Amino acid sequence: MKKILALLLVLAMAMALVACGSSTPAATEAGGETAAAAEPTTSPADEIADEMTSEDGKYEVAFITDVGQLKDKSFNQGTYDGVKLYAAEAGKSYKYYQPAGGNEATDDDRYDAMKLAADNGAKVIVCAGFMQGPALEKAAEDFPEVKFVFIDGWAMGRDNVAGIAFQEEQCGYLAGYAAVMDGYTKLGFSGGGGGTNAACNRYGYGFVQGAEAAAAVKDVQVEMNYSWLYGSNFSASNELQTMAAGWYQNGTEVIFACGGSMFQSIAAAASAEDGQVIGVDVDQSFESPTVITSAMKGIGEAAQQALTAAESDESWAEFIGDGNTTVTLGAAQNAVGLPTATWSLEGWSVEEYETMLADIVSGKITVDGADVAEPASTDHVTVNIVK
């Protein structure tokens with residue numbers, strides 16, 4: 001475990017490079033609006049094909065998508081980028097599988113995708129998203145010779161499952177602090193998973209805590225709209241864009257878009273209403289000029305490290321321990337943070353950010369990582385739960 005995490009420290013430094021977005025501008029058809037995109041750019045993963053053809057029709061490494069699109073410029077894409085980068089470097093064949101049913105996929109649909117991957121020769125299967133849990137547990141039992149990597153998951157007490165979680169509350173805190181220090185006092189949080197996704201809950205709760213800390217420093221009052229509406233499937237929609245547009249029209253200055261393809265609708269609303277956005281999971285500033293910062297976690301890097309560990313039983317055992325402990329990554333492992341290469345904030349500097357990040361690592365600043373779906377108002381932040 002210690003050796004693997006030491007490697008993660010090195011690779012996570014490249015987090016912003018892996019998360020450099022797509023080679024095409026972001027857009028959404030919701031409501032007919034298009035979110036203006038920054039100059040398109042590419043990351044190393046963009047140069048690797050999403051699909052490949054192996055000579056024998058077998059694929060050693062598999063990726064099972066979460067709900068939403070593969071190219072969501074967020075959770076699915078960020079994780080798969082890590083899978084592709086690993087496979088290309090290691091010279092292994094790879095394939096992605098999207099469960100039948102799309103955003104309405106069932107546990108059976110997810111299991112069928114895992115079974116298909118195993119039947120197609122997968123030695124390691126990377127599964128993205130907490131909803132994979134029930135299907136993954138059954139697949140891990142039915143295919144004991146296959147190693148499973150559960151991103152945003154948990155340990156299952158099995159020697160063929162690596163459950164990996166992140167301290168999202170820490171980068172959520174940094175994003176909330178950054179927004180208020182940059183002068184924003186009318187905030188919004190729109191989350192995915194309907195309040196049942198622990199990762200999104202931690203992002204949002206950390207966001208409130210960071211906003212409170214900065215508001216206390218500046219002695220200002222902050223208003224925050226907070227909602228899980230229209231995000232259960234992490235997808236763009238007319239309804240979500242309409243809600244976000246209404247928030248902006250009524251004074252909200254910046255919305256934390258916390259949920260995969262939901263970003264497209266919120267960025268479209270921000271573009272139309274002269275609002276701002278905080279991205280999630282990867283640096284989304286390349287997708288829209290409305291993005292002021294992003295709460296990032298090293299999903300791709302974690303996938304790469306787990307896949308590297310899976311190359312031998314010895315390193316795999318070191319990575320997962322006894323199989324009863326979730327591998328949890330945060331600031332101390334350089335696995336969460338804000339992007340500094342694309343820094344645009346004027347009221348808070350990179351140097352001040354790095355000092356705060358170090359204080360989180362040292363324990364001088366602690367962020368509550370409780371699974372809280374509806375945070376209460378604080379001394380300086382009034383949280384308006386929108387249902």
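This text follows the structure it describes.
Caption draft 1: Geometry of the sheet that holds strand 11 (residues 327–329). Taken in spatial order, the 6 strands of this open sheet run 2-1-3-4-5-11, and their pairing is parallel. Each end of this open sheet is capped by a strand with a single partner; those strands are strand 2 (94–97) and strand 11. Here the average twist between neighbouring strands, direction ignored, is 20°. One ladder, built from 5 bridges, connects strand 3 (residues 124–128) with strand 4 (residues 147–151); its direction is parallel. Of the residues in strand 4, the one forming a bridge with Val126 is Val149.

Caption draft 2: Seen up close, the environment of Lys95. As for its position among the elements, Lys95 is in strand 2. We classify Lys95 as partly exposed; its relative accessible area is 28%. Residues Lys95 and Ser54 lie 41 residues apart in sequence; the distance between their C-alpha atoms is 9.4 Å. Those residues in contact with Lys95 that sit more than four places away from it in its chain are Tyr59, Val61, Ala62, Phe63, Tyr80 and Asn120.

Caption draft 3: Spotlight on empty space enclosed by the protein. In this structure the tally under the stated criterion is 3 cavities of 30 Å³ or more. Estimates place the volume of the largest cavity at around 170 Å³. Around the largest cavity sit 18 residues that line it, and Asp66, Phe75, Asn197, Phe234 and Asp281 are the ones nearest its centre. Of all the secondary structure elements, the ones that give two or more residues to the lining of the largest cavity are helix 7 (198–218) and strand 9 (276–281). In terms of residues, the lining of the largest cavity owes the most to one element, helix 7, which gives 3 residues.

Caption draft 4: Summary view of the packing of aromatic side chains. Using the criterion set out here, one finds 15 aromatic pairs in the structure. Pairing Phe189 with Trp228 gives two aromatic rings, centres 5.3 Å apart and planes at 80°, and the pair type is edge-to-face. In this pair, Phe189 is assigned in strand 6 (residues 186–191) and Trp228 in the loop between strand 7 (222–227) and helix 8 (238–249), connecting sequence segments 39 residues apart. Under the relative-accessibility criterion, Phe189 is labelled buried at 0%. Residue class for Trp228 comes out buried when judged on its relative accessible area of 12%. Ring-pair connections join several aromatic residues into one group, and the members of that group are Phe189, Tyr203, Phe207, Tyr226, Trp228 and Phe256. The ring of Tyr59 is capped by Lys95, whose NZ or CZ atom sits 5.4 Å from the centre of that ring. Directly above the aromatic system of Tyr97 lies the positively charged group of Lys95, at a separation of 5.6 Å from the ring centroid.

Caption draft 5: Seen up close, the nonpolar core. Core analysis: the largest hydrophobic core is formed by 48 residues, its most contacted members being Leu187, Phe256 and Trp348. Among the elements that line this core, the one with the most residues is helix 6 (residues 168–181), at 9 residues. In this structure, Trp348 is in contact with Leu174, Tyr177, Ala178, Met181, Asp182, Leu338, Trp343, Tyr353 and Met356, ignoring residues within four places of it in sequence. Core analysis: the second largest hydrophobic core is formed by 35 residues, Ala87, Val149, Ile164 and Ala309 among them.

Caption draft 6: A look at the layout of surface pockets. Computed from the structure, the second largest pocket encloses a volume of approximately 160 Å³. In this structure, the second largest pocket is lined by Glu60, Val61, Tyr86, Lys92, Lys123, Val124, Glu145, Lys147, Leu307, Ala310 and Glu311. Class assignment of the residues belonging to the lining of the second largest pocket gives a composition of 5 nonpolar, no polar and 6 charged.

Caption draft 7: How the structure looks around the pattern of salt bridges. All chains considered together, the criterion is met by 11 salt bridges. For Arg110, the salt bridge is made with Asp107, and the minimal N-O distance between the two is 3.6 Å. Of this pair, Arg110 and Asp107 are both found in helix 4 (residues 107–119), 3 residues apart, which corresponds to roughly one turn of the helix. Residue Arg202 is joined to Glu169 by a salt bridge in which the shortest nitrogen-to-oxygen separation is 3.9 Å. Within this pair, whereas Arg202 is found in helix 7, its partner Glu169 is found in helix 6, the two being separated by 33 residues in sequence. The same class applies to Arg202 and to Glu169, which are both buried. Each member of the salt-bridge network shares a partner with another, and the members are Asp152, Glu168, Glu169, Arg202 and Lys297.

Caption draft 8: Layout of the sheet that holds strand 13 (residues 381–386). Taken together, 7 strands build an open sheet; the order of strands is 12-10-9-8-6-7-13 and the sheet is mixed. The outermost strands of the open sheet, each flanked by one partner alone, are strand 12 (336–337) and strand 13. Where strand 6 meets strand 8 (residues 254–258), 5 bridges bridge the pair, whose relative direction is parallel. In the sheet register, Gly188 faces strand 8, and the bridge partner there is Ile255.

So, how was this worked out
Residues numbered from 1 in each chain as written. Predicted model: local features only at pLDDT ≥ 70, side-chain atom pairs only at ≥ 80, totals over all residues. Heavy atoms only, no water. Pairing = 2+ DSSP bridges. Helix = DSSP H or I, 4+ residues; strand = E, 2+ residues; numbered from the N terminus. Axes fitted to C-alpha atoms, helices over the stretch in contact; angles between N-to-C directions. Buried < 20%, exposed > 50% of the residue type's maximum accessible area, 1.4 Å probe, protein only. Contact = heavy atoms within 4.5 Å. 1 Å grid on protein atoms, 1.4 Å probe; cavity = no way out; pocket = protein on both sides within 12 Å on 5 of 7 lines; lining within 4 Å. Points joined across faces, edges and corners; volume = space filled by probe spheres on them. Phe/Tyr/Trp six-rings, centres within 6.5 Å; stacked < 30°, edge-to-face > 60°. Lys NZ or Arg CZ within 6 Å of the ring centre and 35° of its normal. Core = buried A, V, L, I, M, F, W, Y, C linked by side-chain atoms within 4.5 Å. Nonpolar A, V, L, I, M, F, W, Y, C, P; charged D, E, K, R; others polar. Salt bridge = Lys/Arg side-chain N within 4 Å of Asp/Glu carboxyl O.

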